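Here's the letter readout for the chains.
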Amino acid sequence: MKLPPAVLRVLADRGIRKPTQIQMQGLPVALSGRDMIGIANTGSGKTLVFALPMVLIALQEEMRMPLGQNEGPVGLVICPSRELATQTFEITDIYCKGTAAAMLRARAAFRLGASAAWGSHAG
């Protein structure tokens, strides 16, 4: 599987040299746009399996036809707890920042009830 150099740099910066079992099985499925259910232990890299393809697909769509002001979202993640939502945002934001430096722009947003935290990264 070929990933953009910007993504490989972010993975290397985070100390990820080799995919975990769930990542080896899940990334090709997620990148192909198919549905899947993945079950693995905490800390096994499940978030990366859906977050990375979501960021890459969003950037691909942005290259095809740039989004206008206040358009989107291209991806949506719904989490069952505040802690998991915060963790998912932080991981997704890392990949948005890392890929945006080399590829157009990416945005991550985090919303809990009535409060929201926004990140925007221009490339």
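Everything quoted here is computed from the prediction, not taken from an experiment.

**Looking at the overall build of the protein**
Logical step 1: Within the protein, the secondary structure is distributed over four helices and two strands.
Logical step 2: Contacts in the protein between residues far apart in sequence, at least 24 positions, make up 53% of those at least 6 positions apart.
Logical step 3: Taken as a whole, the protein presents about 8,300 Å² of accessible surface, with 56% of it coming from carbon and sulfur.

**Comments concerning the environment of V29**
Logical step 1: Among the structural elements, V29 can be located in helix 2 (residues 21-31).
Logical step 2: Given the relative accessible area of 17%, V29 is considered buried.
Logical step 3: Between the alpha carbons of V29 and P53 there is a distance of 9.6 Å; along the sequence they are 24 residues apart.
Logical step 4: Leave out the neighbours within four places in its chain, and V29 touches R34, D35 and M36.

**With respect to the environment of L3**
Logical step 1: Its location among the elements puts L3 in the segment before helix 1 (5-13).
Logical step 2: Along the primary structure L3 and L56 are separated by 53 residues, whereas in three dimensions their C-alpha atoms are 9.2 Å apart.

**Details of the pattern of salt bridges**
Logical step 1: Summed over all chains, the structure comprises one salt bridge.
Logical step 2: As a salt-bridge pair, E61 and R64 come within 3.2 Å of each other at their nearest N and O atoms. With E61 and R64 both in helix 3 (residues 46-64) and three residues apart, the pair spans about one turn of that helix.

**Considerations on the confidence of the model for the protein**
Logical step 1: With 80% of its residues at a pLDDT of 70 or more, the protein shows a mean pLDDT of 80.
Logical step 2: For the protein, the element scoring lowest by mean pLDDT is strand 2 (residues 115-122), at 51; helix 2 scores highest, at 93.

**Let's talk about helix 3**
Logical step 1: Taking 1.5 Å per residue as the helical rise, helix 3 with its 19 residues ought to reach 27 Å, and the 28 Å between its terminal C-alpha atoms agrees with that figure.
Logical step 2: Taken together, the buried positions of helix 3 are T47, L48, V49, A51, L52, P53, V55, L56, L59 and E62.

**Considerations on the side chain of T88**
Logical step 1: Relative to the elements of secondary structure, T88 occurs in helix 4 (residues 82-100).
Logical step 2: Those residues in contact with T88 that sit more than four places away from it in its chain are T47, F50, V77 and C79.

**A short note on the nonpolar core**
Logical step 1: Among the nonpolar cores identified, the biggest contains 12 residues, and these are L3, V7, V10, L11, L48, L52, V55, L56, L59, I91, Y95 and C96.
Logical step 2: Elements that contribute at least two residues to this core include exactly helix 1, helix 3 and helix 4.
Logical step 3: Not counting chain neighbours up to four residues away, the residues in contact with L11 comprise L3, I16, L48 and Y95.

**Some thoughts on the packing of helix 2 against helix 3**
Logical step 1: The interhelical angle for the contact between helix 2 and helix 3, taken along N-to-C directions, is 30°, at an axis separation of 9 Å. In terms of orientation, helix 2 lies roughly parallel with respect to helix 3. Relative to helix 3, helix 2 is oriented so that their crossing is right-handed. Of helix 3, the residues touching helix 2 (which contributes I22, Q23, G26, L27, A30 and L31) are K46, L48, V49, P53, L56 and I57.
Logical step 2: Classifying every residue of the contact of helix 2 with helix 3 by side-chain character gives nine nonpolar, two polar and one charged.

Reading the values: rules and limits
- Residues numbered from 1 in each chain as written.
- Predicted model: local features only at pLDDT ≥ 70, side-chain atom pairs only at ≥ 80, totals over all residues.
- Heavy atoms only, no water.
- Helix = DSSP H or I, 4+ residues; strand = E, 2+ residues; numbered from the N terminus.
- Contact = heavy atoms within 4.5 Å.
- Areas by Shrake-Rupley, 256 points an atom, 1.4 Å probe, with all protein chains shown as cover.
- Buried < 20%, exposed > 50% of the residue type's maximum accessible area, 1.4 Å probe, protein only.
- Salt bridge = Lys/Arg side-chain N within 4 Å of Asp/Glu carboxyl O.
- pLDDT = per-residue confidence, 0-100.
- Expected span 1.5 Å × (residues − 1).
- Core = buried A, V, L, I, M, F, W, Y, C linked by side-chain atoms within 4.5 Å.
- Axes fitted to C-alpha atoms, helices over the stretch in contact; angles between N-to-C directions.
- Parallel < 35°, antiparallel > 145°, perpendicular 65-115°, else oblique.
- Left-handed = near helix turned anticlockwise from the far one by under 90°.
- Nonpolar A, V, L, I, M, F, W, Y, C, P; charged D, E, K, R; others polar.

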